[in-house]
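The lines below spell out each chain.
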Amino acid sequence: MKITDQARDLLNQILEDEDAGCLRLFFAGYGCGEPDIGMTIGEPEGDDELHHINSIPVAIDSRIAHMTETLTIEGKQTMEGPKFQLLGLPEKDC
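Residues numbered from 1 in each chain as written. Predicted model: local features only at pLDDT ≥ 70, side-chain atom pairs only at ≥ 80, totals over all residues. Heavy atoms only, no water.

Asks: Before we move on, could you go through the pairing of strand 5 (residues 56-61) and cite the residues and values that matter?
Replies: Working note: regular strand, side chains alternate between the two faces of the sheet. Of all the six residues making up strand 5, five are buried; the element is thus mostly covered by neighbouring parts of the structure. As judged from the three bridges shared by strand 2 (residues 22-31) and strand 5, these two strands associate in the parallel manner. Within the sheet, the bridge partner assigned to Leu23 lies in strand 5 and is Val58. Summarising the sheet, strand 4 (residues 48-53) and strand 5 pair through six bridges and their orientation is antiparallel. Paired with Leu50 across the two strands is Ala59, which belongs to strand 5. (Buried < 20%, exposed > 50% of the residue type's maximum accessible area, 1.4 Å probe, protein only. Helix = DSSP H or I, 4+ residues; strand = E, 2+ residues; numbered from the N terminus. Pairing = 2+ DSSP bridges.)

Asks: Let's hear about the environment of Ser62: which residues, and what values?
Replies: Mapped onto the elements, Ser62 comes out in the loop between strand 5 and strand 6 (72-78). The class for Ser62 is partly exposed, based on a relative accessible area of 34%. Each C-alpha atom of the pair Ser62 and Asp48 lies 5.4 Å from the other, and the pair is 14 residues apart in sequence. If we skip the residues at most four places from it in the chain, Ser62 touches Asp47, Asp48 and Glu49. Of the polar contacts made by the side chain of Ser62, one reaches the backbone oxygen of Asp47; its length is 3.2 Å. (Contact = heavy atoms within 4.5 Å. Polar contact = N/O pair within 3.5 Å; in protein donor to acceptor, adjacent residues only side chain to side chain.)

Asks: Outline the sheet that holds strand 5, supporting the account with residue identities and numerical values.
Replies: For sheets, the rule is that strands pair by backbone hydrogen bonds, running either parallel or antiparallel. With mixed pairing, four strands are arranged side by side in an open sheet as 3-2-5-4. Of all the strands in the sheet, the pair left with one neighbour each is strand 3 (34-42) and strand 4. Averaged over all adjacent pairs, the angle separating strand axes in this sheet is 25°, with direction ignored. The sheet strands contacting helix 1 (residues 5-18) are strand 2, strand 3 and strand 5, and the helix crosses strand 5 at an angle near 85°. (Axes fitted to C-alpha atoms, helices over the stretch in contact; angles between N-to-C directions.)

Asks: Quick rundown of the pattern of salt bridges? Include the residues and the values.
Replies: One pass over the structure, following the stated rule, counts five salt bridges. Arg8 is the salt-bridge partner of Asp9, the closest N and O atoms lying 3.0 Å from each other. Here Asp9 falls in the partly exposed class, since its relative accessible area comes to 45%. The structure contains a network of salt bridges with shared partners spanning Asp5, Arg8 and Asp9. (Salt bridge = Lys/Arg side-chain N within 4 Å of Asp/Glu carboxyl O.)

Asks: So, the nonpolar core: which residues are in play, and what are the values?
Replies: Among the nonpolar cores identified, the biggest contains 16 residues, and Ile3, Leu23, Leu25, Ile56, Val58, Ile60 and Ile64 are the most heavily contacted of them. If we ignore the near neighbours within four places in the chain, the residues touching Ile56 are Ile3, Arg8, Leu11, Asn12, Leu15, Leu23 and His51. (Core = buried A, V, L, I, M, F, W, Y, C linked by side-chain atoms within 4.5 Å.)

Here it is as structure tokens:
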């Protein structure tokens, strides 16, 4: 998994503002027969794999870890606040 420098800067600010532990990617149910990935700021849970990616602490739910190998997280600041995008997820047929 990769986190772009712009996403890293935004995430560092959010982690500092929220006084939170890490970025967490988690299993968010199934969509079109494939697992969905959710993203939040919080604390690691019991079966999470812990990583540091581009200086960001990241907890990855072990159920979706295989889906994050080619994932890239991009981020940008907008008028509504920071926005993040997960790139490299498998295409869904629905």
